[in-house]
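Structural description and commentary
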Amino acid sequence: MTNEINLTFPAKSINEGFARLVIMGFIAPLDPSSQELTEIKTVVSEAVTNAIIHGYESDENGVIDLKASLEGNKLRVTVSDRGRGIENVEEAKQPLFTTKADEERSGLGFMIMESFTDAFEVSSSVSQGTSITFEKVLLCDQSSDEGIAS
Amino acid sequence: MSITVSLHSENQVLFVNLSGELDHHTSGTLRNRLNEVMENSNIRHLVFNLKQLDFMDSSGIGIILGRYNQVKKDNGSVMVLGLRPLVKKTFEMSGLSQIIKIVDDEVEAAEIIRGIA
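All of the points below concern the structure found in this document. Being a predicted model, the structure only gives us computed values, none of them experimental.

Take helix α2 (residues 34-55) of chain A next. Residues and elements named next belong to chain A. Taking 1.5 Å per residue, 22 residues should reach 32 Å; α2 reaches 30 Å between its end C-alpha atoms and fits that length. Along α2, 17 of the 22 residues are buried, which leaves the element largely enclosed by surrounding structure. At the C-terminal side of α2, Glu-57 shows a positive phi close to 45°.

Right, dumping it as structure tokens:
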């Protein structure tokens, strides 16, 4: 199955839940397992939240692009903002690293995104924005005789 | 896309029951409710019951960690129960389970707190 969506929405926190619903709906035809669904929802939620809090520093005038494509059972998702960008991506990826400890950010977003996906990439330029792309192969393929679903 | 917070306190312990979704959007509601109670009563320990929570991401972990930072200066503690497998995995991977204890139920939490007190 091949399919793709492109969605642009304002950087409002209420859209974190909306983005999760969209991605759930997008992969629903593949009948993913509940663990896969939770992992993908969580990663999208982290990426959109990062765009809102860090990319736009909660300025709701910003916009977020969510692109998702399916090729067979490989899902590829990109969440991008046109916000302030990340100066040092490697530093930002360190578990528990946060620039917003006073806002009670856990600093776990990138660690979660990396561990719940098969491939994960962050590209960012200061003042240009940040793009987070991940890939995940859904094991719930039509070839259910492989017994993965058990 | 909302959260329901129900709270009850007993002997300096605040029991926090959550249902719905805990993300960055709903975390403000939870933080405000907790701060309100913690400012007006002498809370040293918090026990978060996440059993009824349909979704939680790292914003929720941030709130829990924030409460730990608040109570640790009074030798308080924060415990969590009813974690979904992926949330549990996140707690363990990040090392947070070293400071925020994962317990089976409120009874176990109360026993541990009695030991600390």
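This part is about the sheet that holds strand β5 (residues 101-103) of chain B. Residue and element names in this part refer to chain B. Ordered by their spatial adjacency, 5 strands build an open sheet running β1-β2-β3-β4-β5, and the pairing between neighbours is mixed. Each edge of the open sheet carries a strand with a single partner, namely β1 (3-10) and β5. Direction aside, neighbouring strands of the sheet carry axes that sit 25° apart on average. With 5 bridges connecting them, strand β3 (residues 45-56) and strand β4 (residues 77-81) associate as parallel partners.

All right, on to the interface of chain B and chain A then. Contact with chain B, which involves 21 residues of that partner, is made by 27 residues of chain A. Carbon and sulfur atoms make up 59% of the surface buried where chain B meets chain A, a total of about 2100 Å² over both sides. Ranking the residues of chain B by area buried against chain A places B:His24, B:Phe55 and B:Leu86 at the top, with a combined share of 29%. Scanning the region where chain B abuts chain A turns up 4 salt bridges.

Pairing between the strands of a sheet comes from backbone hydrogen bonds, and it takes one of two forms, parallel or antiparallel. All names here are of chain A. If you trace the 5 strands from one edge of the open sheet to the other, you get β1-β2-β3-β5-β4, paired in antiparallel fashion. In the strand order of this sheet, the two ends are held by β1 (2-10) and β4 (119-125), each with one partner. Mean inter-strand twist for the sheet, computed between neighbouring axes without regard to direction, equals 10°. Two elements, strand β3 (residues 74-81) and strand β5 (residues 129-137), share 8 bridges in a ladder whose sense is antiparallel. Note on β5: the bridge partner recorded for Thr-78 is Thr-133. Set on the sheet, helix α1 (residues 14-27) makes contact with β1, β2 (63-71) and β3; between it and β1 the angle comes to about 170°. α2 rests against β1, β2, β3 and β5 of the sheet, and its axis sits at about 175° to β5.

All names here are of chain A. Approximately 590 Å³ is the volume attributed to the largest pocket. Along its surface, the largest pocket is lined by 31 residues, and His-54, Ile-86, Ala-92, Thr-99 and Phe-110 are the ones closest to its centre. Considering every element that reaches the lining of the largest pocket, the biggest residue donor is α2, with 8 residues. Residues of the lining of the largest pocket, tallied by class, amount to 11 nonpolar, 14 polar and 6 charged.

Looking now at the packing of aromatic side chains. Residues and elements named next belong to chain A. Tallied over the full model, the rule gives 2 aromatic pairs over all chains. Summarising the aromatic geometry, the rings of Phe-9 and Phe-18 are spaced 6.2 Å apart at their centres and angled 90° between planes, so their arrangement reads as edge-to-face. The class for Phe-18 is partly exposed, based on a relative accessible area of 37%.

Procedures and definitions
- Residues numbered from 1 in each chain as written.
- Chains lettered and ligands numbered in written order.
- Predicted model: local features only at pLDDT ≥ 70, side-chain atom pairs only at ≥ 80, totals over all residues.
- Heavy atoms only, no water.
- Helix = DSSP H or I, 4+ residues; strand = E, 2+ residues; numbered from the N terminus.
- Expected span 1.5 Å × (residues − 1).
- Buried < 20%, exposed > 50% of the residue type's maximum accessible area, 1.4 Å probe, protein only.
- Pairing = 2+ DSSP bridges.
- Axes fitted to C-alpha atoms, helices over the stretch in contact; angles between N-to-C directions.
- Contact = heavy atoms within 4.5 Å.
- Buried area = accessible area lost by both parts, 1.4 Å probe.
- Salt bridge = Lys/Arg side-chain N within 4 Å of Asp/Glu carboxyl O.
- 1 Å grid on protein atoms, 1.4 Å probe; cavity = no way out; pocket = protein on both sides within 12 Å on 5 of 7 lines; lining within 4 Å.
- Points joined across faces, edges and corners; volume = space filled by probe spheres on them.
- Nonpolar A, V, L, I, M, F, W, Y, C, P; charged D, E, K, R; others polar.
- Phe/Tyr/Trp six-rings, centres within 6.5 Å; stacked < 30°, edge-to-face > 60°.

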